[in-house]
Amino acid sequence: MTQLPPAIFLMGPTASGKTGLAVELAQRLPIELISVDSALVYRGMDIGSAKPDAATLARAPHFLVDVIDPTESYSAAQFRNDALQLMGEITARGSIPVLVGGTMLYFNALQHGMNNLPEANAEVRAAIDARAARDGWPALHAELASIDPATAARLMPNDAQRIERALEIWQLTGKPMSVLLEQDERSALPYRLLKIALLPSERSVLHQRIADRFDEMLHMGLLEELTRLRQRYPTLTPDLPSMRCVGYRQAWQYQAGEIDRTELREKGIAATRQLAKRQMTWLRGMDDVEVLDCLAPELLEEVTQRVAACNYFNSTG
């Protein structure tokens, strides 16, 4: 293991301060940052994704930001391929790759490799969507619990995208997704990892941060940003992965007249809190993670010390 090059995962729920911490670390240590965020990959989606502004990116560049249009898709497999190439280039430059973000599926794919699950089937998905429209996603979640309790246990009853995928896999293969994942042989990440998880000691403080940030997004022009995106990309629809992102989904509903301004705020904040809850659940289930309080005033010093204790920089010369 000591012969493997080092890499650092800096993970945490939304609004935990990951970006700010990573930017400060980049001023202190010979590291380069790779974004692990399924929303930051989209061009033009700046306000609703809490994308670092131009000044921040100039101070501490992030790879894998603004790589595709919001009409396109970006899979975990694409992320893994791109991240591995970037990590190799960063290591060759004598720096340490730091992967920072909150898309846990991407972190998991990067560390453990990809699986051989079947590709999406439009016909099967259309049938599942029709049933969801009729019965509701909680009913399909209950069905999934009887088929694949392990997968259902880690999904919220309204997590439409993942419930749909798990049911699709069951219909295509006749096997639960959790069983296929266990059977799958994966390629391990060829790096010596330090995995840091930023979790709040007081969840209420994180919830307030989430509310404040969503209010700031609205003030900065989230709705106007969505209008510009819809004008720039006429083929944009609410079913695309980009528009399923928290914030944009609720903004689209508001513009469609499905909810009012008060509901936009309430639903946006609630959905963000649910996202943070899923992220924290995933992080608590990960192995070999250094858990730090994201609310601690000395967080930057503590992370710097944890990294130094691994002798990562001595090992690279």
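Residues numbered from 1 in each chain as written. Predicted model: local features only at pLDDT ≥ 70, side-chain atom pairs only at ≥ 80, totals over all residues. Heavy atoms only, no water.

Student: For this particular structure, what's the right way to read the packing of helix α1 (residues 18–28) against helix α14 (residues 299–309)?
Tutor: Any two packed helices are characterised by how steeply their axes cross, that is the angle between the axes, and by the distance between the axes. Contact geometry for α1 and α14: axes closest at 10 Å, N-to-C directions at 55°. It follows that α1 is oblique to α14 by the angle criterion. Remark: the crossing between α1 and α14 carries right-handed chirality. Across the interface between the two elements, Leu 21, Glu 24, Leu 25 and Arg 28 of α1 pack against Leu 299, Leu 300, Glu 301, Val 303 and Thr 304 of α14. (Axes fitted to C-alpha atoms, helices over the stretch in contact; angles between N-to-C directions. Helix = DSSP H or I, 4+ residues; strand = E, 2+ residues; numbered from the N terminus. Parallel < 35°, antiparallel > 145°, perpendicular 65-115°, else oblique. Left-handed = near helix turned anticlockwise from the far one by under 90°. Contact = heavy atoms within 4.5 Å.)

Student: Please clarify how the nonpolar core should be interpreted in this entry.
Tutor: Taken as a class, soluble globular proteins show a tendency for nonpolar side chains to be buried jointly. One finds Phe 79, Met 87, Leu 99, Leu 110 and Met 243 to be the most contacted residues of the largest nonpolar core, which totals 55 residues. In this structure, Leu 99 is in contact with Ile 8, Phe 9, Leu 10, Ile 34, Val 36, Phe 79, Ala 83, Met 87, Phe 107 and Leu 110, ignoring residues within four places of it in sequence. The next biggest cluster of nonpolar side chains, apart from the first, holds 22 residues, and it includes Ile 8, Ile 196, Leu 198 and Val 307. (Core = buried A, V, L, I, M, F, W, Y, C linked by side-chain atoms within 4.5 Å. Buried < 20%, exposed > 50% of the residue type's maximum accessible area, 1.4 Å probe, protein only.)

Student: Would you take a moment to explain the sheet that holds strand β3 (residues 62–63) for this structure?
Tutor: Strands pair in a sheet through their backbones, by hydrogen bonds, and they do so in one of two ways: parallel or antiparallel. Across the sheet, which stays open at both edges, the 6 strands sit in the order β3-β2-β4-β1-β5-β6 with parallel pairing between neighbours. Edge strands, defined here as strands with exactly one partner in the open sheet, are β3 and β6 (289–293). One ladder, built from 6 bridges, connects strand β1 (residues 6–11) with strand β5 (residues 192–199); its direction is parallel. Within β5, the position partnered with Met 11 by the bridge is Ala 197. Where α1 meets the sheet, it contacts β1, β2 (31–36), β3, β4 (96–101) and β5, and its direction lies at approximately 160° from that of β2. (Pairing = 2+ DSSP bridges.)

Student: Which parts of the structure should I look at to understand the pattern of salt bridges?
Tutor: Oppositely charged side chains are able to pair whenever their charged atoms sit close together. Scanning the model with the defined rule gives 16 salt bridges in all. With a shortest N-O distance of 3.1 Å, Glu 168 and Arg 125 are connected by a salt bridge. You can see Glu 168 sitting in helix α8 (residues 160–173) and its partner Arg 125 sitting in helix α5 (residues 122–135), a full 43 residues away along the chain. By relative accessible area, which is 0% here, Glu 168 ends up buried. Measuring nitrogen to oxygen at the nearest pair gives 4.0 Å for the salt bridge that ties Arg 278 to Asp 159. Taken together, the positions of Arg 278 in helix α13 (residues 261–284) and Asp 159 in the loop between α7 (149–153) and α8 put the pair 119 residues apart, joining distant regions of the chain. Relative accessible area serves as the criterion here: at 24%, Arg 278 is assigned to the partly exposed category. On the accessibility criterion, Asp 159 (8% relative accessible area) is buried. Connected via shared salt-bridge partners are Arg 125, Glu 164, Arg 165 and Glu 168. (Salt bridge = Lys/Arg side-chain N within 4 Å of Asp/Glu carboxyl O.)

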